[in-house]
Amino acid sequence: MLCSLDELGLTQNDFPYAAMDGIFVLGDDCDKTLGTDIHKAIGYDDTCVEFEITSNRCDCMSVSGLAREAAATFKRDFNFPEPTVKEGHGDVDSLLTVNIDEPEKCYRYSGAVVENVRVKESPRWLRERLRASGVRPISNIVDITNYVMLEYGQPMHAFDLRFLKGNTVNVRNAKEGETITTLDGIERELNPEMLVIADAEKPVAVAGVMGGEYSGIMEDTTTIVFESACFNGISVRRTAKALGMRTEASSRYEKELDPSATLNALKRALQLVQELDAGDVVNGIVDNYVTPKAPVKVKFDYKWINDFIGIDLSEKEQKEILEKIEFTFDDEGNIIAPSFRNDIEHIADISEEVARFFGYHNIPNRILSGVAVGELTDSQKFIRSINDTLISCGCTEISTFSFISPKAYDKIGLAADDELRNSVVISNPLGEDTSVMRTTILPSMLGVLAHNYNHKNDHASLYEIGTVYQPTEKGKLPIESQKAAIGIYGNGADFYSLKGIVEKLLDCLNVAEYDIEPVCDNPTFHPGRTARLTIEGKLLATIGEIHPKVAEAYGIGVKVFVAELDVNTAYDNRLGTRTHKPLPKYPATARDLAFVCDKEIPVLKLQRAISEAVGKTLEKVSLFDVYEGSQIESGKKSVAFNIRMRSPERTLTDDEADAAMKRAVKALNKMGINLRS
């Protein structure tokens, strides 16, 4: 079959001599034996291994680092030869000067010069290794810098010396208003927090991120400067994020590289220049090491490591494990971490190295020493009680996002000036539908109820415990509070079904002594079928039927009932541990009383007045009848209660019961409420 480069998944960077459009004719660097598999012929038969590297192991973001780990794992010798550079010509000090103005952001800067550069394609072996590592071959000089980066984990850059004014490298912060056009052709505005590589006049590269447009290698380049530097990881990360660009170099620098690696990486690049005949190396290296890195020392205690992991290795066995990954020991009982292991800070980090080479599968199962058995906090137990109670009431838990669309407030009928519209605005939202943090959980619950209704579920009983966010002063975190929402429709659901669930929940949470009053001003709820529960003026819960217009906005064609409970208020007003009393020894005495009062007076108000008047012998006040009809004056209602009394010490007499009833009638008379005749 005759194929083009494109059909084989190749580009002209892989085979520079081939035509981009047209049949790919194999060159002398390919195996042209008749019958050879095309993969073998063009070098695509290599085996590639993918590694998943944890973010704290930047030393493994290189072939040498992976080889070092593999050698230790398979108990093989790690042979990584030192790069050697042959004698060149001239003196680098006469061609290049390096100044570091920000030693806290640039620990070390090493530079070398190559003259008589011969820009051409790289040999096939180098192109294949780059391609296997996901790097596109470009030209020999650029390929050398990328190859060294992959081999040593040390990013490098090559500058064209003719565009380096004054033959000077100044590592400094950018000046206010300075700009640079990077290699990708985009002009970028810099700020004084960004570290740049500058010549005598202007920035030529963004340190650790990308070079400028005139810093690259061109076909007519004759003299280059190789840069091998070590920059502060935080500075590089902030700069890359501010400029909106993340490169292979910045992804390595932001993890804090080893300053001692710059010199060997630079020598390796010069060695490859000589091996590939890519130019003439100038003698010497400019090495400005202003912030030497002190070796990390940790007190070695093999017994502590054994106890921490739960194993039993001798001191000698632990040292053998650590020495094969290049840890050393001094005469003072300290273990010295190699310079490339910047993740080592504590003896716990040392124990991790021992554990992984000992084998996690060999570590016996046990409870970690010094770790107490955890238990739930009071607030966690409270939340769990809410979950358990609502599930026992037949509700199914849902979970929704805390961010919603501002349009959700329109759907639940909030007025334009309603304080609930004052939301925390997300600065980088995924979209308008997730652009603000919710101040009420009702839109989330109604959205799920609507989803169920529109998917032909004839009934639903759902609940969610979620967080709402109330904005505070600018620059400060919002106030977070927990809400519990309950939503039901279908299967005979009505206001009293929902009220029963809420009352059962509050009873199980041991929350009592709350007031109930009708609500007519909440735009989300039906004005005649909604109630508010409060404790000492604080809103505990709102329960009721959703307003028909709100239900219509959500596409729900049946009556839907929703409650929103303030979990924080309920938690703050719980009565503590519930206690149980033994069965009574003495019988109860009951009386029935009926009163006539205004329709607007809540029954709960009457119940509390009766309870206070009867006193300690009261066991329960139960409403058993409400009558409004022709036998009652217009605007009035008849309310009948069963009052049960009991003494834990003796049987109550009729006189005591009658006296209690008289106190109850007198208490209600003071409120303008009379006994029904």
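Residues numbered from 1 in each chain as written. Predicted model: local features only at pLDDT ≥ 70, side-chain atom pairs only at ≥ 80, totals over all residues. Heavy atoms only, no water.

**Side note on the pairing of strand 7 (residues 195-198)**
For clarity, the threshold we go by: Here's how the labels work: a residue is buried when its accessible area is under 20% of the maximum for its type, exposed when over 50%, partly exposed in between, all with a 1.4 Å probe on protein chains only. In DSSP terms, a helix is any run of H or I states spanning at least four residues, a strand is any run of E spanning at least two, and both are numbered starting from the N terminus. Here, strands pair whenever DSSP counts at least two bridges between them.
Residues Leu195 and Ile197 of strand 7 are buried on one face, and the alternating residues Val196 and Ala198, pointing to the opposite face, are buried as well. Where strand 4 (residues 168-173) lies against strand 7, four bridges are found, and the strand directions are antiparallel. Note that in strand 7 the partner of Val171 across the bridge is Ile197. Both strand 7 and strand 8 (residues 203-206) contribute to a ladder of three bridges, which runs antiparallel. From the neighbouring strand, Ala198 faces strand 8, where its bridge partner is Pro203. Counting the residues that bridge the hairpin from strand 7 to strand 8 gives four residues.

**Here's the deal with the pattern of salt bridges**
To keep it simple, the criterion reads: Think of a salt bridge as a Lys or Arg side-chain nitrogen and an Asp or Glu carboxyl oxygen that are within 4 Å of each other.
Evaluation of the coordinates by the stated rule reveals 39 salt bridges. Arg118 is the partner of Asp277 in a salt bridge, and the nearest nitrogen-oxygen pair spans 2.8 Å. Here the residue Asp277 occupies a position in the loop between helix 7 (261-275) and strand 11 (280-281), and Arg118 occupies one in the loop between strand 2 (106-115) and helix 3 (124-132), the gap between them amounting to 159 residues. Given a relative accessible area of 28%, Arg118 falls into the partly exposed group. Asp410 serves as the salt-bridge partner of Arg421, at 2.6 Å between the closest nitrogen and oxygen. With Arg421 in the loop between helix 12 (407-411) and strand 18 (424-425) and Asp410 in helix 12, this pair connects stretches of sequence that are 11 residues apart. What makes Arg421 partly exposed here is its relative accessible area of 24%.

**Some thoughts on the sheet that holds strand 24 (residues 538-546)**
Where strands meet in a sheet, backbone hydrogen bonds hold them as pairs that are either parallel or antiparallel. Inclusion rule: Whether two residues are in contact is decided by their heavy atoms: any pair within 4.5 Å suffices. Lines are fitted to the C-alpha atoms to define the axes, a helix being fitted only along its stretch in contact, and any angle between axes, read from their N-to-C directions, falls within 0 to 180 degrees.
Here we have seven strands laid out as an open sheet, ordered 16-20-21-25-24-23-22, and mixed in their pairing. The strands lining the two open edges of the sheet, one partner per strand, are strand 16 (396-397) and strand 22 (515-518). Summarising the sheet, strand 21 (residues 479-489) and strand 25 (residues 560-566) pair through seven bridges and their orientation is antiparallel. Bridge pairing in strand 25 places Gly487 opposite Val562. This element, helix 11 (residues 378-392), spans strand 16, strand 20 (460-470) and strand 21 of the sheet and lies at about 155° to strand 20.

**A few points about the layout of surface pockets**
Filter applied, for reference: Each cavity reported here is a set of points on a 1 Å grid over the protein atoms alone in which a 1.4 Å probe fits but cannot get out, each pocket an open set with protein on both sides within 12 Å along at least five of seven lines, and each lining residue one with an atom within 4 Å of a point. Grid points are joined across faces, edges and corners, and a volume is the space filled by probe spheres set on the points. When residues are grouped by polarity, Ala, Val, Leu, Ile, Met, Phe, Trp, Tyr, Cys and Pro land in nonpolar, Asp, Glu, Lys and Arg in charged, and all others, Gly among them, in polar.
Here the second largest pocket defines a volume of roughly 1600 Å³. Lining the second largest pocket are 45 residues, and of these Val49, Phe51, Ser62, Val63 and Leu66 sit closest to its centre. When contributions to the lining of the second largest pocket are tallied by element, the ones reaching two or more residues are helix 2 (63-73), helix 3, helix 4 (140-152), helix 6 (248-253) and helix 10 (347-358). For the lining of the second largest pocket, the element with the highest residue contribution is helix 2, accounting for six residues. Tallied by class, residues from the lining of the second largest pocket come to 19 nonpolar, nine polar and 17 charged.

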